[in-house]
Amino acid sequence: MSNSSLRFISNLTRDTYALILAGGRGSRLHELTDWRAKPALYFGGKFRIIDFPLSNCVNSGIRRIGVVTQYKSHSLIRHIMRGWGHFKKELGESVEVLPASQRYSDNWYQGTADAVFQNIDIIRHELPRYVMVLSGDHVYRMDYAGLLAAHAESGADMTVSCMEVPVAEAANAFGVMEVDTGNRILGFEEKPAHPKSLPDNPELCLASMGNYVFNTDFLFEQLKRDAQNAESQRDFGKDIIPSIIKNHRVYAYPFRSSFPNEPAYWRDVGTLDSFWTANMELLSPTPALNLYDAKWPIWTYQEQLPPAKFVFDDDGRRGMAVDSVVSSGCIISGATVRHCVLFNEVRVCSYSVVEDAVILPDVVILRNCRIRKAIIDRGCIIPEGMEIGYNHEHDRAKGFRVSEDGVVLVTRDMLGLPVGYE
């Protein structure tokens, strides 16, 4: 890349304010989000979902960031303050938490567009040329510089970041763009039963990632107009985009990987099955999501913990983990762990076998347990001799939730333990 191109990108990122929408509950995750917002949910052994859009911003050179919170945001705010509170406003960088505070109405945030509208004064104070609105509940690696450059070069008023997905996969699941050969958006449907395909490929369509770039003045105009519409649902996908595509320059930006020899990676981990699957994908020898790229680190808050430990080497009582991610502070004591993601400070006691499981922090699995294809929520203590995932009728009888694909969710409440541990 030439020096002039680098300066162009640098100027774009400096003139951009990123607003991450992180107030969602994620109701399809059921009890896993009873006490935390979806962006605060753990992922990948040591991270939370919010770390991915935040890291994308910082790694892309965007260092003025607001995080909009609402639903059960205590653990999310605590994580942001601990892990992202070191930015210096006087150096032109900041990560600020923007909780719902009824700044422009007596209501809490009524939708994605309203969440931005109620923070117009904060955005205006930053004097950005562009505003990037990002979803806070997806897992992906993306260099936003390419999105900003495409937006500026096209002369667009708004640009929508999109993924090319199979038509059958997008049906009833994603907002879908109809575009011309130049990627100008001609139509938009929110979760259509029959998505419109790409002009040159009937098998694929463009699904919205929930990430947008606006010219700041244009954004403010549309938000003010929408706020005066009594019939609006105050949502970008349902209201803003459909209302502007006819008379304004609105473009789609097909997301491509910026990393050599890597496919574009984006996951909506909005269900128990998709959350479990995305974590299991990390166990591949060469996973689609590369968490080991030193040039594009995923930043997070890290406690000071001892290293993982594996103890006992007797026949029938061997502490071992195979094809697994094992995080700091874990102790595998005479137990077998296969194809699992273990977060910080998990203890697995002697003679237990854990397979194909996502174990969140501070879980204790006592002796002689058998667990497979499960998600164990933070702070659970699994009683000695318990079986999970081997007989779904028995799992349901214990009060556990079994997903459509047979993933068993266990939470503290289901075990009769005190709730609210985030």
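Treat the numbers as computed from the prediction; the structure is a model and nothing was measured.

J.: Would you mind going over the pairing of strand S10 (residues 185-190) in detail, with residue names and values included?
T.: Across five bridges, strand S9 (residues 175-179) lies against S10 in antiparallel orientation. Counted as the bridge partner of Val176 is Glu189 from S10. The antiparallel hairpin formed by S9 and S10 contains five residues in its connecting segment, where Asn183 sits at a positive phi of about 70°.

J.: Give me the lowdown on unusual backbone geometry, citing residues and values where you can.
T.: One non-glycine residue, Lys191, lies in positive phi territory at about 50°. Note on placement: Lys191 falls in the loop between S10 and strand S11 (204-215). By relative accessible area, which is 47% here, Lys191 ends up partly exposed. One non-glycine residue, Asn368, lies in positive phi territory at about 60°. Relative to the assigned elements, Asn368 resides in the loop between strand S24 (364-365) and strand S25 (370-376).

J.: I'd like to hear about the packing of aromatic side chains, residue by residue, with values.
T.: By the definition in use, this model includes 10 aromatic pairs. Residues Tyr42 and Phe343 carry aromatic rings whose centres are separated by 5.9 Å and whose planes lie at 70° to one another, so their mutual orientation is edge-to-face. Of the two residues, Tyr42 is situated in strand S2 (residues 42-43) and Phe343 in the loop between strand S21 (341-342) and strand S22 (347-348); the sequence distance between them amounts to 301 residues. For the pair formed by Tyr42 and Phe343, the shared burial category is buried. Aromatic side chains Phe214 and Phe236 sit 5.5 Å apart centroid to centroid with 40° between the ring planes, which places their arrangement in the tilted category.

J.: Before we move on, can you summarise helix H8 (residues 216-227) with the specific residues and values?
T.: If you check H8, its first and last C-alpha atoms are 17 Å apart, about what 12 residues at 1.5 Å a residue would give, namely 16 Å. Within H8, burial applies to Thr216, Phe218, Leu219, Phe220, Gln222, Leu223 and Asp226.

J.: Describe the side chain of Arg64, and please don't skip the residues or the numbers.
T.: Mapping Arg64 onto the fold places it in strand S4 (residues 64-69). Among the polar contacts made by the side chain of Arg64, one reaches the main-chain carbonyl oxygen of Arg14 at a distance of 2.9 Å. At 2.5 Å, the side chain of Arg64 and the backbone oxygen of Glu126 are in polar contact. Among residues more than four places away in sequence, those in contact with Arg64 are Arg14, Asp15, Thr16, Tyr17, Ala18, Gly92, Ser94, Glu126 and Pro128.

J.: Tell me what's going on with the layout of surface pockets, and back it up with residues and numbers.
T.: The volume enclosed by the second largest pocket comes to roughly 300 Å³. Taken together, 20 residues line the second largest pocket, and the ones lying closest to its centre are Tyr42, Arg48, Tyr301, Glu303 and Arg378. Sorting the residues of the lining of the second largest pocket by element identifies strand S3 (47-48) and helix H3 (74-84) as the ones contributing at least two each. Per element, the largest residue contribution to the lining of the second largest pocket is four residues, and it comes from H3.

Calculation criteria
- Think of each chain on its own: its residues are numbered from 1, step by step along the sequence as written.
- Only residues with pLDDT of at least 70 are given local features in this predicted model, and only at 80 or more are side-chain atom pairs given and counted; all residues enter the totals for whole chains, interfaces and linings.
- The side-chain values count all of the structure's non-hydrogen atoms but skip hydrogen atoms and water molecules.
- Only strands that DSSP links by at least two bridges are regarded as paired with each other.
- Here a strand is any run of E in DSSP of at least two residues, a helix any run of H or I of at least four, and the numbering for each starts at the N terminus.
- Relative accessibility decides the category of a residue: with a 1.4 Å probe and only protein chains considered, values under 20% of the type maximum give buried, values over 50% give exposed, and everything between is partly exposed.
- Aromatic pairing here means that ring centres of Phe, Tyr or Trp (its six-membered ring) are within 6.5 Å. Orientation follows from the plane angle: under 30 degrees is stacked, over 60 is edge-to-face, and everything else is tilted.
- A helix is expected to span 1.5 Å for every residue after the first.
- Think of a polar contact as two N or O atoms within 3.5 Å of one another; within protein, one of them needs to be a possible hydrogen donor and the other a possible acceptor, and neighboring residues in sequence only count if both atoms come from side chains.
- Two residues qualify as a contact provided that any one of their heavy atoms is within 4.5 Å of a heavy atom in the partner residue.
- For cavity detection a 1 Å grid was placed over the protein atoms alone, and a set of points counts as a cavity when a 1.4 Å probe fits there but cannot get out; an open set counts as a pocket when protein lies on both sides within 12 Å along at least five of seven lines, with lining residues being those that have an atom within 4 Å of a point.
- Grid points are joined across faces, edges and corners, and a volume is the space filled by probe spheres set on the points.

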